[in-house]
Amino acid sequence: MSAIAGAFQNAAAQHRAALVGYLPAGFPSVPGAIEAATAMAEAGADIVEIGLPYSDPLMDGPVIQEATRRALAGGTRVADVLHTVQAVASAGVPTLIMTYWNPVDHYGVAAFARDLANAGGSGLITPDLTPEEAGPWLGAAADRGLDPVFLVAPSSSGERIKLITSVCGGFVYAASLMGTTGARDAVGGQAAGLVQRVRGCTSLPVAVGLGVRDRAQAAQVAGFADGVIVGSAFVSRLLDAEDPSAGIAAVRELASQLAAGVRDPAVASRSRT
Amino acid sequence: MSALEELTTAYLSAKADPKFQADLAALLRDYAGRPTLLTEVPRFAAEAGGGRVFLKREDLAHTGSHKINNVLGQALLTRRMGKTRVIAETGAGQHGVATATACALLGLDAVVYMGEEDTRRQALNVARMRMLGAEVIAVTTGSRTLKDAINEAFRDWVTTVETTHYCIGSVMGPHPFPVMVRDFQRVIGVEAREQVLASAGRLPDAVIACVGGGSNAIGAFHAFIPDDSVRLIGCEAGGDGLATGRHAATLAGGSAGVIHGMRTYLLQDGDGQTLETHSISAGLDYPGVGPEHSWLHDTGRASYRAVTDTEAMDAFAVLCRTEGIIPAIESAHALAGALQVGPELGADAVLLVNLSGRGDKDVDIAARYFGHVTGPAR
């Protein structure tokens, strides 16, 4: 079983959802991001996603755009991203990279899979790679024991969900709404229905992302999904902090709030079977 | 993906519908002013090796460039899909102006994303779009040019797709855009092929067009692809020169990758990060290129060359003074290509140059470049 599958199974055994936390590599600095991601895991994130900063972050909202822009301006390279994965994974938390496709394509798919596996990484989340174009990556992922995670959206047809879940590994990333990344006041109302539709196609865990920012929302999503993904809210803690150590403290605090959210007993009792 | 599937289905249905094609043909004729003229330019030709040079006058189409051909097609398609709002990206502003125009004509809401840097370079077109009722949003992310405007338009579209059509302005982006925009632009080459056969009595030796995303070039080339004797020559923005790294010559200086939902050549660094581009022409200042051009490049059916800012502005001046036509700076890259290719092909050659747009929008930049006016830029 992959480390990702293990993390979801462990959460399920505790009758709760898994907490998945995202932070980009290289922000506020390479060591700063490692420290923040490690703190996020220590405070309750079951799985960590490390973002690979990219020049054209099409599906990201302003918060992640700004953090990844600063990471690139600070000289963050793909090698630094792999180093970040190694440092975070070695602390014992399953760690994936979330990346736009071109940096992987340019690195070479087989080489990227090899180096990610050697760094102790568990897989890739690829928002702009379609299953139709994913053949080489799926082969490399299978060779290296990596989980290929793809996204489904509320607009995805039943046929599309079937295709996407047939190539997914580890878990299915369900976007809660039609839009870019970023914290919102309310989680998209289409999320629960989307999770149901995905469950009709696969036995993989389904995690919901986009728009989750606090304990109450985490508890709400935990009521219908196997995992709760939080990104921009963590990144905001680092962006808004007066100094790096305050940022890390704020990330730790948010992670423990969200970890409490996914363990909300009211949620656990009413939804899990 | 579902939006792209919906668009593909709608486009294929429209393409096969005689009513849609008749509506589009009527708009192109009675509103856009098609067919555009083919003008022989002998005094310019004398500077280009002494053969015959014909200009396809897309500059005379309504709104001043070829962009209207594509936009009228996509605006009709928007209405057919039951959507009420159109978003677009624009670099030089020509596609934004065309979009604002078509939306005014068909009663659609228009929102145009434009890099902040380009809103300064092309302030006149910003004013035109606003006059036509469009909202212009200055994009302040990334390099603040065309690619960032495209990023913002995509971000808008994923949020608003139920009511909104993204009217991409070039033969780029995810399928079906490159094919659909090509189909709407191929009227350029279809008309020009007929016109040049009538005027010169034979096919041209070369068809020359500027290439940013590449819509006017694909439009001009497409009807000639089966004509093996006709060289297809694309002129990319060489900026300060390929060796300086300050350019936007994707095919001449780039490598294969993925950007904006397409696999194509692009300008990228060792990590696959998109490089910043430079060109005196806002409309060519794009780090990718339409995938069909990458295919024409790889198969050798078309060749691409980099034209520097200086070469383009020299050609701009030659056309102004020999023929009384002020070209867009984008199109001046194609004219510079003709000045280079003409002498290579000799005095018996027939060249067809696509004059993709007129230069009104560039008068401020050109006047400063040539020192006709001084003082602070707008």
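About the thresholds
Residues numbered from 1 in each chain as written. Chains lettered and ligands numbered in written order. Predicted model: local features only at pLDDT ≥ 70, side-chain atom pairs only at ≥ 80, totals over all residues. Helix = DSSP H or I, 4+ residues; strand = E, 2+ residues; numbered from the N terminus. Rg over C-alpha atoms; globule rule 2.2 N^0.38 Å. Buried ≥ 20, exposed ≤ 12 C-beta atoms within 10 Å, placed from the backbone. Contact = placed C-beta atoms within 7 Å. Expected span 1.5 Å × (residues − 1). Nonpolar A, V, L, I, M, F, W, Y, C, P; charged D, E, K, R; others polar. Axes fitted to C-alpha atoms, helices over the stretch in contact; angles between N-to-C directions. Parallel < 35°, antiparallel > 145°, perpendicular 65-115°, else oblique. Left-handed = near helix turned anticlockwise from the far one by under 90°. Core = buried A, V, L, I, M, F, W, Y, C linked by C-beta atoms within 7 Å. Domains from an automatic or database assignment. pLDDT = per-residue confidence, 0-100. Pairing = 2+ DSSP bridges.

**Observations regarding the overall build of chain B**
Piece 1. Within chain B, the regular secondary structure consists of 16 helices and 12 strands.
Piece 2. On C-alpha atoms alone, chain B measures out to a radius of gyration of 19 Å, which is about the 21 Å that the 2.2 N^0.38 rule sets for 378 residues.
Piece 3. Taken along the three principal axes of its C-alpha coordinates, chain B extends 55 × 50 × 40 Å.
Piece 4. Out of the 378 residues in chain B, the part that is buried amounts to 60%.
Piece 5. Partitioning the contacts of chain B with sequence separation of at least 6, the portion at a separation of at least 24 is 73%.

**Notes on the overall build of chain A**
Piece 1. What chain A contains, in helices and strands, is 13 helices and nine strands.
Piece 2. Taken over the C-alpha trace, chain A has a radius of gyration of 17 Å; the compact-globule value for 273 residues is 19 Å, and the two agree within 12%.
Piece 3. The principal-axis extent of the C-alpha atoms belonging to chain A is close to 45 × 45 × 30 Å.
Piece 4. For chain A, the residues scored as buried account for 59% of the 273 residues in total.
Piece 5. Sequence separation of at least 24 residues holds for 75% of the intrachain contacts in chain A that already meet a minimum separation of 6.

**Here's the deal with helix 8 (residues 146–160) of chain B**
All names here are of chain B.
Piece 1. Spanning 15 residues, helix 8 covers 21 Å between terminal C-alpha atoms, matching the ideal 21 Å at 1.5 Å per step.
Piece 2. When you tally the buried positions in helix 8, you get 11 out of 15 residues, the bulk of the element.
Piece 3. Those residues of helix 8 that are buried are in contact with strand 3 (85–90), strand 4 (109–115), helix 6 (116–121), strand 5 (135–139) and strand 6 (164–166).

**Brief notes about the interface of chain B and chain A**
A common way to express how large an interface is: the accessible area buried when the components associate.
Piece 1. Tallying the contact residues gives 20 residues for chain B and 23 residues for chain A.
Piece 2. Counting residues per element, the ones that place at least two in the side of chain B that touches chain A are helix 1 (2–15), helix 8 and strand 9 (255–259) of chain B.
Piece 3. A per-element tally of the side of chain B that touches chain A places helix 8 of chain B first, with six residues.
Piece 4. Split into classes, the residues belonging to the side of chain B that touches chain A amount to seven nonpolar, 10 polar and three charged.

**Side note on the packing of helix 2 (residues 18–30) of chain B against helix 4 (residues 67–80) of chain B**
Residue and element names in this part refer to chain B.
Piece 1. Interaxial distance between helix 2 and helix 4 falls to 10 Å at its minimum, and their mutual angle equals 140 degrees. Our classification of the angle between helix 2 and helix 4 gives oblique. In the packing of helix 2 onto helix 4, the handedness of the crossing is right-handed. In contact with Phe-20, Asp-23, Leu-24, Leu-27 and Leu-28 of helix 2, helix 4 contributes Asn-69, Leu-72, Gly-73, Leu-76 and Arg-80.
Piece 2. Taken together, the residues of the contact of helix 2 with helix 4 sort by class into six nonpolar, two polar and two charged.

**Let's talk about the nonpolar core**
Piece 1. Counting 217 residues, the largest nonpolar core has A:Met40, A:Ala174, A:Ala207, A:Val228, B:Ile208 and B:Leu351 as its most contacted members.
Piece 2. Composition of this core by domain shows at least three residues from each of domain 1 (2–29 + 67–181) and domain 2 (33–64 + 187–370) of chain B.

**As for the confidence of the model for chain B**
Piece 1. Taken over all residues, the pLDDT of chain B has a mean of 96, while the share at 70 or more is 99%.
Piece 2. Interface scoring of the predicted complex returns ipTM 0.93; its pTM is 0.95.

**Notes on the domain arrangement of chain B**
All names here are of chain B.
Piece 1. Taken domain by domain, chain B holds domain 1 (2–29 + 67–181) and domain 2 (33–64 + 187–370).
Piece 2. A C-alpha centroid distance of 22 Å is found between domain 1 and domain 2.
Piece 3. Each partner contributes residues to the interface: domain 1 has 31 residues there, and domain 2 has 30 residues.
Piece 4. Those elements that place two or more of their residues in the side of domain 1 that touches domain 2 are helix 2, helix 4, helix 5 (94–106), helix 6, helix 7 (123–131), helix 8 and helix 9 (177–185).
Piece 5. The residue makeup of the side of domain 1 that touches domain 2, split by class, is 13 nonpolar, 13 polar and five charged.

**As for the sheet that holds strand 12 (residues 350–355) of chain B**
Residues and elements named next belong to chain B.
Piece 1. With respect to topology, six strands assemble into an open sheet ordered 1-2-12-7-8-11, the strand pairing being mixed. The open sheet has two free edges, formed respectively by strand 1 (38–40) and strand 11 (302–308), since each of these has just one partner strand. Within the sheet, the average angular offset between the axes of one strand and its neighbour, ignoring direction, is 25 degrees.
Piece 2. Alignment of strand 8 (residues 231–239) against strand 11, held across seven bridges, turns out to be parallel. Looking at strand 11, one finds that Glu-236 is bridged to Ala-306.
Piece 3. Packed onto the sheet, helix 15 (residues 329–345) meets strand 2 (52–57), strand 7 (206–211), strand 8, strand 11 and strand 12 and runs at close to 145 degrees relative to strand 7.

**Details of unusual backbone geometry**
Among all residues except glycine, the phi angle is most often negative; among peptide bonds, the trans geometry is most common.
Piece 1. Each neighbour pair has its own omega, and for A:Phe27 with A:Pro28 the value is 0 degrees, a cis peptide bond.
Piece 2. The residue after B:Arg34, namely B:Pro35, is reached through a cis peptide bond having omega 0 degrees.
Piece 3. In this fold, B:Pro35 is placed in the loop between helix 2 and strand 1.
Piece 4. The backbone of B:Thr63 shows a phi angle near 75 degrees, a positive value even though the residue is not glycine.
Piece 5. Position of B:Thr63 relative to the elements: it lies in the loop between strand 2 and helix 4.
Piece 6. Residue class for B:Thr63 comes out buried when judged on the 24 C-beta atoms lying within 10 Å of it.
Piece 7. Positive phi is not limited to glycine here, since B:Arg144 has a value of about 60 degrees.
Piece 8. With respect to the helices and strands, the residue B:Arg144 is situated in the loop between strand 5 and helix 8.

**Things to note about the environment of B:Ile329**
Residue and element names in this part refer to chain B.
Piece 1. Positionally, Ile-329 belongs in helix 15.
Piece 2. Ile-329 gets classed as buried once you count the C-beta atoms within 10 Å, which come to 27.
Piece 3. Measuring from C-alpha to C-alpha, the distance between Ile-329 and Ala-315 comes to 9.3 Å, with 14 residues separating the pair along the chain.
Piece 4. Excluding its chain neighbours within four sequence positions, the residues that come into contact with Ile-329 are Ile-280, Ser-281, Ala-312, Phe-316, Gly-359, Asp-362, Ile-365 and Ala-366.

**Points about the sheet that holds strand 4 of chain B**
Strands belonging to one sheet form pairs held by backbone hydrogen bonds; the direction of such a pair is parallel or antiparallel.
Residue and element names in this part refer to chain B.
Piece 1. Here four strands make up an open sheet; going across it, the order is 5-4-3-6 and the pairing parallel. In the strand order of this sheet, the two ends are held by strand 5 and strand 6, each with one partner. Each strand axis lies, on average, 20 degrees off the axis of its neighbour in the sheet, ignoring direction.
Piece 2. Strands in contact with helix 5 are strand 3 and strand 4; relative to strand 4, the strand with the most contacts, it is inclined by about 175 degrees.

**Thoughts on the packing of helix 4 of chain B against helix 5 of chain B**
Residue and element names in this part refer to chain B.
Piece 1. Orientation of helix 4 relative to helix 5, taken along the N-to-C sense of each, is 40 degrees, at an axis distance of 9 Å. In terms of their interaxial angle, helix 4 and helix 5 are classed as oblique. As helix 4 packs across helix 5, the resulting crossing turns out to be right-handed. Residues Lys-67, Ile-68, Val-71, Leu-72, Ala-75 and Arg-79 of helix 4 form the contact with helix 5, whose participating residues are Gln-94, His-95, Ala-98, Thr-99, Thr-101, Ala-102, Cys-103 and Leu-106.
Piece 2. The residue inventory of the contact of helix 4 with helix 5, partitioned by class, reads eight nonpolar, four polar and two charged.

**Remarks on the pairing of strand 10 (residues 262–266) of chain B**
Residues and elements named next belong to chain B.
Piece 1. For strand 10, the buried fraction is high: four of the five residues fall into the buried class.
Piece 2. Relative to strand 10, strand 9 runs antiparallel, the two sharing five bridges. From the neighbouring strand, Gly-257 faces strand 10, where its bridge partner is Thr-264.
Piece 3. The hairpin formed by strand 9 and strand 10 contains two residues between the paired strands, and His-260 there has a positive phi angle of roughly 50 degrees.

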